[in-house]
Amino acid sequence: MYAADPGRLARRAYTYSPILVIAGIMVVAVSDELALAHPDGHVSTAAALTLLGGPILFLIGTAVAMWAIWRRVAWGRLACCVILAAGWLVAPWTTPLILSLASTAVLMAVGVWESLRSRVT
């Protein structure tokens, strides 16, 4: 399958989505540093924002890229963004390490789900 206008497709796909993906990766790196520095105890606002916001940025960036290239909505990725955002509700009652493990589990679930789904379709 070839694009009728590959330049337009490249502009649409590679203009904004990489910014979100890279920002998400950088925020996750900050969250790892915060979680490793203080794995137990109270989850600070900065730690909660980075532990949940970094993966959300990453997933939104990849969903934007999927839409730009294939015009398909990445429902699994968007659903996981909602799950991660809901993590804000439990953040006050957990530790940075547990919140980090939970956000990692959500990202892994997206990967497993999309791998299994791609084998079926």
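To be clear, the structure that these remarks concern was listed above.
This text gives an overview of the structure that appears in the document. (Residues numbered from 1 in each chain as written. Predicted model: local features only at pLDDT ≥ 70, side-chain atom pairs only at ≥ 80, totals over all residues. Heavy atoms only, no water.)

Digging into the pattern of salt bridges
Reasoning step 1: Evaluated as defined, the whole model comprises one salt bridge.
Reasoning step 2: For E114, the salt bridge identified is with R77, shortest N-O distance 2.7 Å. Separated by 37 residues along the polypeptide, E114 in helix α5 (residues 96-120) and R77 in helix α4 (residues 75-90) bring together distant segments of the chain. Take E114 and R77: they sit in the same class, and that class is buried. (Salt bridge = Lys/Arg side-chain N within 4 Å of Asp/Glu carboxyl O. Helix = DSSP H or I, 4+ residues; strand = E, 2+ residues; numbered from the N terminus. Buried < 20%, exposed > 50% of the residue type's maximum accessible area, 1.4 Å probe, protein only.)

Section: the environment of T95
Reasoning step 1: Tracing the backbone through its elements, the reader meets T95 in the loop between α4 and α5.
Reasoning step 2: Sequence-wise, T95 and H42 are 53 residues apart; in three dimensions their C-alpha atoms are separated by 5.8 Å.
Reasoning step 3: Those residues within four positions of T95 in sequence are excluded, and the remaining contacts are P39, D40, G41 and V43.
Reasoning step 4: In terms of polar contacts, T95 uses its side chain to reach the backbone amide nitrogen of I98, at 3.2 Å. (Contact = heavy atoms within 4.5 Å. Polar contact = N/O pair within 3.5 Å; in protein donor to acceptor, adjacent residues only side chain to side chain.)

Description of a nonpolar patch on the surface
Reasoning step 1: Nonpolar side chains collect at one region of the surface, where I60, V64, W67, V73, W75 and L78 lie side by side and expose about 540 Å² of accessible area between them.
Reasoning step 2: If you list the elements that add at least two residues to the nonpolar patch, you get α3 (45-70) and α4.
Reasoning step 3: Among the elements that take part in the nonpolar patch, α3 stands out by supplying three residues, more than any other.
Reasoning step 4: Turning to its location among the elements, V64 is positioned in helix α3. (Patch = residues over 30% accessible without salt bridge, like charges linked within 9 Å, V, L, I, M, F, W, Y side chains within 5 Å. Areas by Shrake-Rupley, 256 points an atom, 1.4 Å probe, with all protein chains shown as cover.)

A look at helix α2 (residues 17-37)
Count 3.6 residues to each turn of an α-helix, and residues three or four apart come out pointing the same way.
Reasoning step 1: Relative to the 30 Å expected for 21 residues at 1.5 Å per residue, α2 spans 30 Å between its end C-alpha atoms, a close match to the ideal helical length.
Reasoning step 2: All of the buried residues in α2 are S17, V21, G24, S31 and A35. All buried residues of α2 fall inside an arc of 80° around its axis, so they share one side. Seen from the buried face of α2, the exposed residues on the opposite side, beyond 90 degrees, are I19, M26 and E33.
Reasoning step 3: Those residues of α2 that are buried lie in contact with α1 (6-14), α3 and α5. (Expected span 1.5 Å × (residues − 1). Arc of directions from axis to C-beta.)

Examining the packing of α2 against α3
Reasoning step 1: The geometry of α2 relative to α3 is characterised by a closest axis approach of 7 Å and an angle of 155° between their N-to-C directions. Between α2 and α3, the angle falls in the class roughly antiparallel. In the crossing of α2 with α3, the sense of the turn from one axis to the other is left-handed.
Reasoning step 2: Residues belonging to the contact of α2 with α3 are distributed by class as follows: 18 nonpolar, eight polar and no charged. (Axes fitted to C-alpha atoms, helices over the stretch in contact; angles between N-to-C directions. Parallel < 35°, antiparallel > 145°, perpendicular 65-115°, else oblique. Left-handed = near helix turned anticlockwise from the far one by under 90°. Nonpolar A, V, L, I, M, F, W, Y, C, P; charged D, E, K, R; others polar.)

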